[in-house]
Amino acid sequence: MSAKDAPPPLPEPLLVEVADSHTHLDMQSGTVEEALVKAAAVGVTTVVQVGCDVKGSRWAAETAAAHENVHAAVALHPNEAPRIVLGDPDGWSRQGAREGGGDAALDDALAEIDRLAALPYVRGVGETGLDFFRTGPEGVAAQERSFRAHIEIAKRHGKALVIHDREAHADVLRVLDEEGAPERTVFHCYSGDAEMAEICAAKGYYMSFAGNVTFKNAQPLRDALAAAPLELVLVETDAPFLTPAPFRGRPNAPYLIPVTVRAMAEARGIGENELAEAIAVNTARAFDY
């Protein structure tokens, strides 16, 4: 194993226990148990396991049912919706190459997400939203239709809505306004600026910051974090992606949350314990556990 692929070392434990509000344990190496033990050793005692497709959402629900400190979110990722409707000839997603199934196939997939969203271990509907980075103009209609359906599912089941917003800020905010956002709405891997943070704050949307807040070029993200009200701030790994500096490029996992928490506390000019306490309360409130 090269140094680049090696898992980063365990950070100093946090003194106040926190939750990783967004992780993908099914994409990480090792077992769920190993990941949870390692995370708990540094004060990360709760994780929200997030589904990106029907199969991953079923797995998230099953994993949450089996582990007291795992909560599930279920959804079709914004990039998954166009693949279901239009097909995925490159097989970029984990399912491999697929034929397009049209709107009927999207309806079937959404019906399964709806069924899973009713389960008690499922605390969120997401990640859903819009992604104009990976999906071209031909996929926008399917993404938006899927996003609107997820908003309705979240509201009907009284679950948190977990939003994936990539290069689509104005459209995500527009759809939320048009549909009426659920009571608890979380911008996962918040990527807006300080001005957008003020809009989110006014609407009571939670903003979850990931390891990219530690990156050298991420000053606009740190400014957004400084502008966000403390009672709306969450932390996440989005593991195995977005590993915080100085481990960028190596595999991420929930146990690396303390690295991000410390960078966030520094950006806000508060102590790490004060931030961790707020994050713990906020995450439990956002996901109603």
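Residues numbered from 1 in each chain as written. Predicted model: local features only at pLDDT ≥ 70, side-chain atom pairs only at ≥ 80, totals over all residues. Heavy atoms only, no water.

### Notes on the nonpolar core
Counting 83 residues, the largest nonpolar core has Phe147, Leu176, Phe187, Tyr190, Phe209 and Met264 as the members making the most contacts within it. Counting residues per element, this core draws most heavily on helix α4 (residues 102–117), which supplies six residues. Contact partners of methionine 264, with chain neighbours within four places excluded, come to Phe209, Val213, Leu225, Val233, Leu234, Val235, Leu275 and Ile279. (Core = buried A, V, L, I, M, F, W, Y, C linked by side-chain atoms within 4.5 Å. Buried < 20%, exposed > 50% of the residue type's maximum accessible area, 1.4 Å probe, protein only. Helix = DSSP H or I, 4+ residues; strand = E, 2+ residues; numbered from the N terminus. Contact = heavy atoms within 4.5 Å.)

### Overview of the sheet that holds strand β1 (residues 18–23)
An order of β1-β2-β3-β6-β7-β8-β9-β10 is seen for the eight strands of this open sheet, with the pairing classed as parallel. Lying at the two open borders of the sheet, with one neighbouring strand each, are β1 and β10 (233–235). Strand-to-strand, the axes of this sheet are offset by a mean angle of 30°, without reference to chain direction. As paired strands, strand β2 (residues 44–50) and strand β3 (residues 70–74) are joined by four bridges and run parallel to one another. For glutamine 49, the partnering residue across the bridge sits in β3 and is alanine 72. Strand contacts of helix α2 (residues 54–66): β2, β3 and β6 (122–131), with the helix running at about 160° to β3, the strand carrying the most contacts. Running at roughly 135° to strand β9 (residues 206–209), helix α7 (residues 194–203) makes contact with β7 (160–166), β8 (185–187) and β9 of the sheet. (Pairing = 2+ DSSP bridges. Axes fitted to C-alpha atoms, helices over the stretch in contact; angles between N-to-C directions.)

### What about unusual backbone geometry?
Here the bond from glycine 126 into glutamate 127 is cis, since omega is 15°, no more than 30 degrees from zero. Here glutamate 127 shows up in strand β6. In this structure, the amide linkage connecting alanine 239 to the following residue, proline 240, adopts the cis form with an omega of 15°. Residue placement: proline 240 occurs in the loop between β10 and α9 (257–268). Even without glycine at this site, leucine 242 takes up a positive phi of about 55°. By the secondary structure assignment, leucine 242 is in the loop between β10 and α9.

### Some words on the packing of α9 against helix α10 (residues 272–287)
Taken N-terminus to C-terminus, the directions of α9 and α10 make an angle of 110°; their axes are 9 Å apart at the nearest point. Between α9 and α10, the angle is such that the two are roughly perpendicular. Regarding α9 and α10, the two cross each other, and that crossing is right-handed. Contact with α9, carried on its side by Val261, Arg262, Met264 and Ala265, involves Glu272, Leu275 and Ile279 of α10 and no other residues of that element. (Parallel < 35°, antiparallel > 145°, perpendicular 65-115°, else oblique. Left-handed = near helix turned anticlockwise from the far one by under 90°.)

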